[in-house]
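# Chain and residue survey
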Amino acid sequence: MADAHKLEIFRGLVKFKSNTQKIWGVLILLSIITAVEVVLGIYKPAWGASMVLGMKLLNWIFIILTIVKAYYITWDFMHMRDELPGLRRAVVWTAIFLICYLVFILLQEGGYVFDVYDRGFIKRDF
């Protein structure tokens, strides 16, 4: 682990003078992302109802914004940026794989349950 923490976010585009400023900067970033999610959830714009890969566009936006928030929490607050590349890859790749797997399973099972309630019993051959 490195001796000093890096005091920048967005790959060095925004730099801070102290750890306290960096914590507040990341907190503001996460708050903005959360505010966008809340506003989209309350207003549910019409353009978000279009279907993309079997799910509404608005749902995909929520999933992506949640992953971005999880990334920044892990990267900055858990100090993953200061760790060795092998450990970073092991943590990040495992999380990405599990998140993708979870999304796939939820879409498959959710679609099946919806079809059962919508049309009655359905047999699927995988």
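What you are looking at is a predicted structure, and each value in this text was computed from that prediction instead of being measured.

## Focus on the overall build of the chain
Looking only at helices and strands, one finds three helices and four strands in the chain. In the chain, the succession of α and β elements from N to C terminus is β-β-α-β-β-α-α. The buried share of the chain, reckoned over its 126 residues, is 21%. For the chain, contacts bridging at least 24 residues in sequence account for 41% of all contacts bridging at least 6. In the structure as shown, the chain presents an accessible area of about 9,500 Å², 70% of it carried by carbon and sulfur atoms.

## Observations regarding helix α2 (residues 57-77)
With 21 residues, α2 should cover 30 Å at 1.5 Å per step; its first-to-last C-alpha distance of 30 Å lies within 8% of that length. Among the residues of α2, Leu 58, Trp 60, Leu 65, Lys 69, Tyr 72, Trp 75 and Asp 76 are the ones counted as buried. Two residues or fewer after α2 comes His 79, characterised by a positive phi angle close to 60°.

## What about the pattern of salt bridges?
The full count for this structure, using the stated rule, is two salt bridges. Residue Glu 37 is joined to Lys 69 by a salt bridge in which the shortest nitrogen-to-oxygen separation is 2.9 Å. Of this pair, Glu 37 sits in helix α1 (residues 19-43) while Lys 69 sits in helix α2, placing them 32 residues apart in sequence. Here Glu 37 and Lys 69 have matching classes, each one buried. Ionic pairing is found between Asp 115 and Arg 119, a salt bridge with its closest N-O pair at 3.5 Å. Of this pair, Asp 115 and Arg 119 both sit in helix α3 (residues 85-119), four residues apart, which is roughly one turn of the helix. For Arg 119, a relative accessible area of 62% puts it in the exposed group.

## Notes on the nonpolar core
Val 26, Leu 29, Leu 30, Ile 33, Leu 65 and Tyr 72 together form the largest nonpolar core, which totals six residues. Where this core is concerned, the elements lending two or more residues are α1 and α2. With four residues, α1 is the largest single contributor of residues to this core.

Definitions and cut-offs
- Residues numbered from 1 in each chain as written.
- Predicted model: local features only at pLDDT ≥ 70, side-chain atom pairs only at ≥ 80, totals over all residues.
- Heavy atoms only, no water.
- Helix = DSSP H or I, 4+ residues; strand = E, 2+ residues; numbered from the N terminus.
- Buried < 20%, exposed > 50% of the residue type's maximum accessible area, 1.4 Å probe, protein only.
- Contact = heavy atoms within 4.5 Å.
- Areas by Shrake-Rupley, 256 points an atom, 1.4 Å probe, with all protein chains shown as cover.
- Expected span 1.5 Å × (residues − 1).
- Salt bridge = Lys/Arg side-chain N within 4 Å of Asp/Glu carboxyl O.
- Core = buried A, V, L, I, M, F, W, Y, C linked by side-chain atoms within 4.5 Å.

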